[in-house]
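# Tertiary structure, described
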Amino acid sequence: MRKIFNLKTFLNIFYIVLIIVSFLLVPYHNIRTGFTNWGFTSLSGVRGPVNNAALTVQRALTLALVIFYIYNIRLRRKMRYENIEVDMAIQESEDRRHQVEREYFRLRRQMQNIFDTMEDCVLICDKDFKVEYMNQSSKTIFGEGKGKKCHEVIYKSKDPCPWCFVDRIFNGETITWEHEHEINQRLYRIHSSPFINPDGSSSMIFIYHDITKEKAVEEKIESSDDHFRNIFEHLPVACFGYDREARIVAWNRAASKLYGFRKEEVMGRSMFGTIATENDRQNTLSYIQKVFEGESFDALEWQDKYRDGATLYVYTNTYPLYDIEGHIVMGISANIDITARKKMENDLKNSKMHLEKIMETPNSLIVELDSALNIIRFNKGCEELTGY
């Protein structure tokens with residue numbers, strides 16, 4: 001733009017000078033007198049014969065002036081069009097800038113409205129810790145602080161916080177940390193990240209989320225978990241936990257006493273490599289799948305094995321264990337040793353079978369009497385002898 005303006009000025013001046021030189025120095029032919037006049041010489045009356053060379057120079061210079069004048073007109077028109085195009089481009093650029101600014105401020109107002117409806121405290125600060133924006137929650141808790149230093153508003157301190165991450169934030173990092181406020185004794189989870197302004201400058205945005213109640217609930221849950229683990233560990237019933245793949249994930253003292261495995265020997269291992277038999281693999285996996293679908297089973301008679309491989313019979317109750325969100329975290333199995341009872345039942349069964357075989361023997365006479373000497377039953381030998 002500046003170059004075109006300077007060139008235009010130069011050409012106009014050059015055109016004026018050329019006309020003056022033409023008038024002063026260039027010969028021209030006086031048709032009325034038939035003589036050639038040379039610039040100001042015509043004023044003094046000096047005349048000379050017609051000079052063809054002078055006429056040629058005059059005509060050439062006149063043609064040059066005409067051409068230069070036409071070129072100057074076209075150049076001015078071109079420069080006018082270029083100026084119009086430049087002005088239109090500048091105006092279009094300004095319109096776009098204004099449109100972007102309007103859109104930015106619209107989104108900023110919308111964002112501020114959203115921030116004002118949040119329970120979390122939101123602050124925006126520049127690199128010098130000067131507060132540029134506070135939402136309604138932060139004003140309610142910390143007081144109005146726009147234009148002040150953030151550490152003065154939040155912590156009533158003249159010095160920046162010793163743990164401040166301002167350098168890392170302005171290097172583009174997003175940082176989240178937990179911090180207990182020294183004044184109101186509330187625990188906050190603070191989320192901080194860089195914030196880009198329309199002019200390209202950077203600010204910091206801080207979101208303070210009060211997690212005091214959440215931490216109290218977590219502590220209660222942890223206390224409950226500890227209480228549950230303590231009960232689980234000291235239950236007189238053998239209990240263990242398992243996952244979907246039948247891996248053992250929990251093991252109490254009674255289970256160690258019953259099966260003969262220490263806790264560190266079975267944790268993370270498959271039930272089939274430790275306490276369950278391969279013959280029951282499909283049946284066991286079927287029950288595990290149902291447990292993780294939410295079913296519970298009571299008084300199942302199950303055959304496991306000891307550490308030495310001997311058979312172990314148990315009554316088992318198995319059920320899912322849920323977390324606070326309602327998700328199943330593991331299956332729990334509580335087992336009661338019934339091996340002795342099972343052995344007694346087998347012994348009684350074998351004895352009964354043995355007596356039944358004796359009762360069926362025809363070569364001997366066997367009579368079963370009650371305490372009043374009444375006959376309860378007798379074998380085939382008695383039937384053949386007595387006919388009854």
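Throughout what follows, the structure given in this document is the object of discussion. (Residues numbered from 1 in each chain as written. Predicted model: local features only at pLDDT ≥ 70, side-chain atom pairs only at ≥ 80, totals over all residues. Heavy atoms only, no water.)

### Comments concerning the sheet that holds strand S7 (residues 202–210)
With respect to topology, five strands assemble into an open sheet ordered S4-S3-S7-S6-S5, the strand pairing being antiparallel. Lying at the two open borders of the sheet, with one neighbouring strand each, are strand S4 (131–134) and strand S5 (175–180). Ignoring which end each strand starts from, the neighbouring axes of this sheet average 25° apart. (Pairing = 2+ DSSP bridges. Helix = DSSP H or I, 4+ residues; strand = E, 2+ residues; numbered from the N terminus. Axes fitted to C-alpha atoms, helices over the stretch in contact; angles between N-to-C directions.)

### Some points on unusual backbone geometry
The backbone phi angle of Phe129 is positive, close to 70°, even though this residue is not glycine. Tracing the chain through its elements places Phe129 in the loop between strand S3 (121–125) and S4.

### Considerations on the pattern of salt bridges
Inspection of the entire model under this criterion finds 17 salt bridges. One salt bridge in this structure joins Glu92 and Arg96, with 3.1 Å as the shortest N-O distance. A residue pair is termed a helical-turn pair when its members lie 3 or 4 positions apart in one helix, as Glu92 and Arg96 do in helix H3 (residues 52–117) at four residues. Judged by its relative accessible area of 45%, Arg96 is partly exposed. Notably, a salt bridge pairs Glu265 with Arg307, separated by 2.6 Å at the nearest N-O pair. With Glu265 in helix H9 (residues 263–266) and Arg307 in the loop between strand S10 (297–305) and strand S11 (311–322), the pair connects residues that are 42 residues apart, well separated along the chain. Residue classification places Glu265 among the buried positions, given a relative accessible area of 17%. (Salt bridge = Lys/Arg side-chain N within 4 Å of Asp/Glu carboxyl O. Buried < 20%, exposed > 50% of the residue type's maximum accessible area, 1.4 Å probe, protein only.)

### A short note on the sheet that holds S11
Pairing within the open sheet is antiparallel, and its five strands lie in the order S9-S8-S12-S11-S10. In this open sheet, the two edge strands, each paired with only one partner strand, are strand S9 (248–251) and S10. Put simply, the sheet's adjacent strands are angled 35° from each other on average, direction ignored. Where S11 lies against strand S12 (residues 328–337), nine bridges are found, and the strand directions are antiparallel. Bridging from a neighbouring strand, Pro320 pairs with Gly331 of S12. Across the face of the sheet, helix H10 (residues 281–291) comes into contact with strand S8 (238–242), S10, S11 and S12 while running at roughly 145° to S10. (Contact = heavy atoms within 4.5 Å.)

It is worth stressing that arrangement in space is one thing and function is another; only the former is reported here.
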